[in-house]
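Report on the structure
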Amino acid sequence: MGKINFAILATGNIANSMAEAVSRLDIFDCCAAASRSYERAKAFADRWEFRKACGSYEELVQDREVELVYVASPHSHHYQHAKLCLEHGKHVLLEKAFTVNAAQAEELIALARDRGLLLAEAFWPRYMPSREMIADLIAQGTIGEVQSVMADFGAPLSHVERLRRPELAGGALLDLGVYPLNFALTVFTEEIREIRSSAVMSPEGVDHMNSITLTFENGKMAVLHSNMLAYMSNRGVIYGDKGYLEMGDLNNCSEIRVYDENKKMTACYPVPEQINGYEYEALACARAIRAGQVECEEMPHSETMRLMRILDTVREQWGFKLPGD
């Protein structure tokens, strides 16, 4: 099989991480990079050795060589940009948060399925080896029966313009809070019985910090927190009746620590070496495209919708509306 022609739409910071990964994977041809400015696109393409630079997103999607587009724009524009790619017959790897709300996500998924195109959420922890390692430890009964999860994620980011502005779907929830939520949903697959949440809102009208408690039908619970004003531990902890598992760095776990009933660490499992972690989601997309699939097994559409509906419910509880609602 030939290489998959890979393109990047929007050339901000996160796009550099993806470019670093795919440029070192033989399965991809770094085909094109697009920005709203040709100069920025050219600088990005030159840095990462992409063959083409496009001065508009329309130019990118009209390129017949392009097969798979990584959409790296702010999530306020994900719906618009992913729809543009899908309507032009491109497979899409869409950065998180997938969209602003569940209605937008549902429409994009329906469009991708109708066109027979891959549409995958670039929620990188879902694709990493650490996810399977955690699942195996739980299945083996390492910490007994899992009862609850706690997770937090945050850093002082209120100076970042897109996080301050409601019109850019700012706030802690969609940018940071999705990590603890994703972690909890990875551990607990049961139906949710109740969602309770609260937030501290900024003068501009976005959430500075929030807390979310999910209670599942089987009586298990997840307590989650995100914050754009302060550094947090960025840990995830899974509590069982015989001990607990602790993961540092929810967005890119480096090791999994096992503790017994006496809070003594009994094992520590490092994750495999990686380029930067972004390679796993790109490789998953390549496998899915070659298999003719419209979703990745690691992050199926059902899980994207599950997360988006929780985000909608939480914002409704706060009275937090965004453009696109």
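Structure report, in brief. Being a predicted model, the structure only gives us computed values, none of them experimental.

What counts and how
Residues numbered from 1 in each chain as written. Predicted model: local features only at pLDDT ≥ 70, side-chain atom pairs only at ≥ 80, totals over all residues. Heavy atoms only, no water. Patch = residues over 30% accessible without salt bridge, like charges linked within 9 Å, V, L, I, M, F, W, Y side chains within 5 Å. Areas by Shrake-Rupley, 256 points an atom, 1.4 Å probe, with all protein chains shown as cover. Salt bridge = Lys/Arg side-chain N within 4 Å of Asp/Glu carboxyl O. Buried < 20%, exposed > 50% of the residue type's maximum accessible area, 1.4 Å probe, protein only. Axes fitted to C-alpha atoms, helices over the stretch in contact; angles between N-to-C directions. Helix = DSSP H or I, 4+ residues; strand = E, 2+ residues; numbered from the N terminus. Parallel < 35°, antiparallel > 145°, perpendicular 65-115°, else oblique. Contact = heavy atoms within 4.5 Å. Nonpolar A, V, L, I, M, F, W, Y, C, P; charged D, E, K, R; others polar. Phe/Tyr/Trp six-rings, centres within 6.5 Å; stacked < 30°, edge-to-face > 60°. Lys NZ or Arg CZ within 6 Å of the ring centre and 35° of its normal. Core = buried A, V, L, I, M, F, W, Y, C linked by side-chain atoms within 4.5 Å. Pairing = 2+ DSSP bridges. Right-handed = clockwise from strand over helix to strand, strands pointing away. Polar contact = N/O pair within 3.5 Å; in protein donor to acceptor, adjacent residues only side chain to side chain.

Here we come to a nonpolar patch on the surface. A contiguous nonpolar patch, built from Met 150, Met 221 and Val 223 and spanning about 230 Å² of accessible area, is present on the exposed surface. Residue Met 221 is classed as partly exposed on the basis of its relative accessible area of 34%.

As a further point, take the packing of helix H4 (residues 78-87) against helix H5 (residues 102-115). Closest axis-to-axis distance for the H4/H5 pair is 10 Å, and the angle between their directions is 10 degrees. Looking at the two axes, H4 sits roughly parallel to H5. Residues His 78, Tyr 79, Ala 82, Lys 83, Leu 86 and Glu 87 of H4 form the contact with H5, whose own contacting residues are Gln 104, Glu 107, Leu 108, Leu 111, Ala 112 and Arg 115. Grouping the amino acids of the contact of H4 with H5 by side-chain chemistry returns six nonpolar, two polar and four charged.

So, on to the packing of aromatic side chains. What the rule picks out here adds up to nine aromatic pairs. Ring centres 4.6 Å apart and planes at 40 degrees place the aromatic pair Phe 153 and Tyr 179 in the tilted group. Placement of Phe 153 in strand E7 (residues 146-154) and of Tyr 179 in helix H8 (residues 172-187) is noted, with a sequence separation of 26 residues between them. In this pair, the class of Phe 153 matches that of Tyr 179, namely buried. Plain terms: the ring middles of Tyr 239 and Tyr 244 are 5.7 Å apart, the flat faces sit at 40 degrees to each other, and that makes the pair tilted. A relative accessible area of 27% places Tyr 239 in the partly exposed class. Taking the relative accessible area as the measure of exposure, Tyr 244 reaches 18% and is therefore buried. Taken together, the ring pairs connect Phe 123, Phe 153 and Tyr 179 into an aromatic cluster. In this arrangement the basic side chain of Arg 315 is found over the ring face of Phe 320, its NZ or CZ atom lying 5.9 Å from the centre.

In this structure, Phe 50, Leu 214 and Ile 238 are the most contacted members of the largest nonpolar core, which totals 117 residues. Among the elements that take part in this core, H8 stands out by supplying eleven residues, more than any other. If sequence neighbours within four positions are ignored, Ile 238 has contacts with Ile 134, Ile 138, Ile 143, Val 146, Ser 148, Val 149, Phe 183, Val 187, Gly 243, Tyr 244, Leu 245 and Met 247.

In this section: the pairing of strand E5 (residues 91-95). With respect to burial, E5 is a largely interior element, five of its five residues being buried. Burial of E5 is two-sided: the residues His 91, Leu 93 and Glu 95 facing one way and the residues Val 92 and Leu 94 facing the other way are all buried. The pairing of strand E4 (residues 68-71) with E5 spans four bridges and is parallel. Residue pairing in the sheet places Val 69 in a bridge with Val 92 of E5. Viewed along the sheet, the connection from E4 through H4 into E5 turns out right-handed. In this sheet, strand E6 (residues 119-122) lies alongside E5 in parallel orientation, the contact comprising four bridges. Across the sheet, Glu 95 pairs through a bridge with Ala 122, a residue of E6. In the classification by handedness, the crossover that spans E5, the intervening H5 and the parallel E6 is right-handed.

Looking at where Asp 241 falls in the secondary structure, it is placed in the loop between strand E11 (236-240) and strand E12 (243-247). Residue class for Asp 241 comes out partly exposed when judged on its relative accessible area of 48%. For Asp 241 and Ser 148, which are 93 residues apart along the polypeptide, the C-alpha to C-alpha distance reads 9.8 Å. In this structure the side chain of Asp 241 is engaged in a polar contact, spanning 2.9 Å, whose partner is the backbone nitrogen of Glu 145.

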